[in-house]
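Working through the structure, step by step
Now for the letters of each chain:
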Amino acid sequence: MWTLTSDVEEYAAVAEPFLLGDPVRNTVPLTILANLRAGMPVKSPLFGWWTVDGEVRGAVFHTPPHPAGLFAVPVEAVAPLVEALKGELSMFVGPVEVTAEATRLLGAPARLVSERLYRLGTLTVPDVPGRGRLAVPGDFPLLVSWYHAFGDEVGMGEADDVAERVAQRLAARELFVWEEGGAPVSLAALSPAAGGVCRIGPVYTPPSCRRRGYGAAVTAFASRTGLAERCTEVVLFTDLGNPTSNAIYQAIGYEPVSDFAHVTYAP
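Let me sum up the structure you'll find in this document.

The rules behind each value
Starting from 1, residues in each chain are numbered consecutively following that chain's sequence as written. Two thresholds apply to this predicted model, a pLDDT of at least 70 for residue-level local features and 80 or more for giving and counting side-chain atom pairs, whereas whole-chain, interface and lining totals are computed over all residues. Side-chain metrics rest on all non-hydrogen atoms present in the structure, leaving aside hydrogens and water. Here, strands pair whenever DSSP counts at least two bridges between them. Helix and strand definitions here come from DSSP, where helices need a minimum of 4 consecutive H or I residues and strands a minimum of 2 consecutive E residues; each element is numbered from the N-terminal end. Orientation is described by axes fitted as lines to C-alpha atoms, over the contacting stretch for helices, and by angles from 0 to 180 degrees between their N-to-C directions. When checking whether two residues touch, look at their non-hydrogen atoms; a contact exists if any pair is within 4.5 Å. Exposed residues in this analysis have more than 50% of their type's maximum accessible area, buried residues have under 20%, and partly exposed residues fall in between, with area computed by a 1.4 Å probe over protein chains only. Only Phe, Tyr and Trp rings are paired, with Trp represented by its six-membered ring, and only when their centres lie within 6.5 Å; those with planes under 30 degrees apart are stacked, over 60 edge-to-face, the remainder tilted. In this scheme, a helix's expected span is set at 1.5 Å multiplied by one less than its residue total. Polar contact is defined as a pair of N or O atoms within 3.5 Å, subject to the rule that within protein one atom must be able to donate a hydrogen and the other to accept it, and that residues adjacent in sequence are counted only when both atoms are side-chain atoms. Relative orientations are named as follows: roughly parallel for angles under 35 degrees, roughly antiparallel for angles over 145 degrees, roughly perpendicular for angles from 65 to 115 degrees, and oblique for any other angle. By definition, turning the near helix anticlockwise from the far helix through less than a right angle yields a left-handed crossing, and turning it clockwise yields a right-handed one. For this classification, the nonpolar set comprises Ala, Val, Leu, Ile, Met, Phe, Trp, Tyr, Cys and Pro, the charged set comprises Asp, Glu, Lys and Arg, and every other residue, Gly included, is treated as polar.

1. Looking at the sheet that holds strand β9 (residues 183-190)
Strand order in the open sheet formed by twelve strands is β1-β2-β3-β4-β5-β12-β6-β11-β10-β9-β8-β7, with mixed pairing between adjacent strands. Lying at the two open borders of the sheet, with one neighbouring strand each, are β1 (2-5) and β7 (131-134). Across the sheet, the mean angle from the axis of one strand to that of its neighbour is 25°, orientation sign disregarded. As paired elements, β9 and strand β10 (residues 197-204) share three bridges and run antiparallel to each other. Looking at the pairing, Ala 188 lines up with Val 203 of β10. Lying over the sheet, helix α6 (residues 162-171) contacts β8 (175-180), β9 and β10, oriented at roughly 85° with respect to β8.

2. Structural notes on the environment of Pro 141
Structurally, the position occupied by Pro 141 is in helix α5 (residues 140-154). Look at Pro 141 and you get exposed, because its relative accessible area is 56%. As for Pro 141 and Gly 151, which are separated by ten residues in sequence, their C-alpha atoms are 16 Å apart.

3. Observations concerning the packing of aromatic side chains
Counted by the stated rule, this structure contains ten aromatic pairs. Between Phe 61 and Phe 71, the ring centres sit 6.2 Å apart and the planes meet at 5°, which makes this aromatic pair stacked. Note that Phe 61 is positioned in strand β3 (residues 55-62) and Phe 71 in strand β4 (residues 68-72), a separation of ten residues in sequence. Residue classification places Phe 71 among the buried residues on the basis of a relative accessible area of 10%. Plain terms: the ring middles of Phe 176 and Phe 221 are 6.0 Å apart, the flat faces sit at 70° to each other, and that makes the pair edge-to-face.

4. Points about helix α7 (residues 214-229)
The first and last C-alpha atoms of α7 sit 22 Å apart over 16 residues, in line with the 22 Å expected at 1.5 Å per residue. Of all 16 residues in α7, twelve are buried, a share of seventy percent or more. Looking at α7, one finds that the buried residues are Tyr 214, Gly 215, Ala 216, Ala 217, Val 218, Thr 219, Ala 220, Phe 221, Ala 222, Ser 223, Thr 225 and Gly 226.

5. Structural notes on the environment of Arg 133
Relative to the helices and strands, Arg 133 is located in strand β7. As for Arg 133 and Trp 178, which are separated by 45 residues in sequence, their C-alpha atoms are 6.5 Å apart. Setting aside anything within four residues of it in sequence, one finds Arg 133 in contact with Asp 139, Phe 176, Val 177, Glu 179, Pro 184 and Phe 221. Reaching out from Arg 133, the side chain makes a polar contact with the side chain of Asp 139 at a distance of 2.8 Å.

6. Points about the packing of α5 against α6
Packed helix pairs are characterised by how far apart their axes lie and by the angle those axes make with each other. The contact between α5 and α6 brings their axes to 9 Å, and the two run at 125°. Comparing their axes, α6 and α5 come out oblique. Note on packing geometry: the crossing formed by α5 with α6 is right-handed. Of the residues in α6, those touching α5 at Phe 140, Leu 143, Val 144, Tyr 147 and His 148 are Val 162, Ala 163, Arg 165, Val 166, Ala 167, Arg 169 and Leu 170. For the contact of α5 with α6, the per-class residue count stands at nine nonpolar, one polar and two charged.

Shown next, in the form of structure tokens:
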């Protein structure tokens, strides 16, 4: 049975213990929950949990305009969820077996992006010229332009105000750059720990600076900082349509965990 609410604390009290049972696979819902508790603004949110014989077996969240998060939804709960939402699932992300069941019920989507979740095993730091550092306020204009470029390139730009988002992440010490010759050449972001897990993303290198190892270097630097100062596990998501990035992350120690899909029905 699905129970739905707009009250984040009601949802947290029931769903958080379940989500913490697998903090790596549930990195996104746990991070969203932490952000909401920290005051992240959201309009018309929806949260839910799936119970079987009184035991929580699944959880879902939707914080518009972002996709609904089906990360912790079991396959058998998809049809009841679609029914509970009256078929109103225009954009969602979740494990491939879950999204496959949802698209079976809802029909062919307008867009489907295949993703893979990786967990850092043993970090291998690449030998790349330059150095990593925490981003500083002076980097702000460049980082805003890089965030815009990243969103345009992957076709899934952030719906929020990008400048505000970058300012928030700078203030929270979540953004790192790799620089060579005194100039930043690549960016990696690191989410706050949730359930002991930090998540890398986005990672962006401008086209003029690619094929030199900067993306791998800044990812390794941010990952090492996370493990040293902030968390016990580091994870990241990749687009399976980009074999280069998948190979790069595996080369520095990231190991596949499971596959996900980002599904869009709205144009």
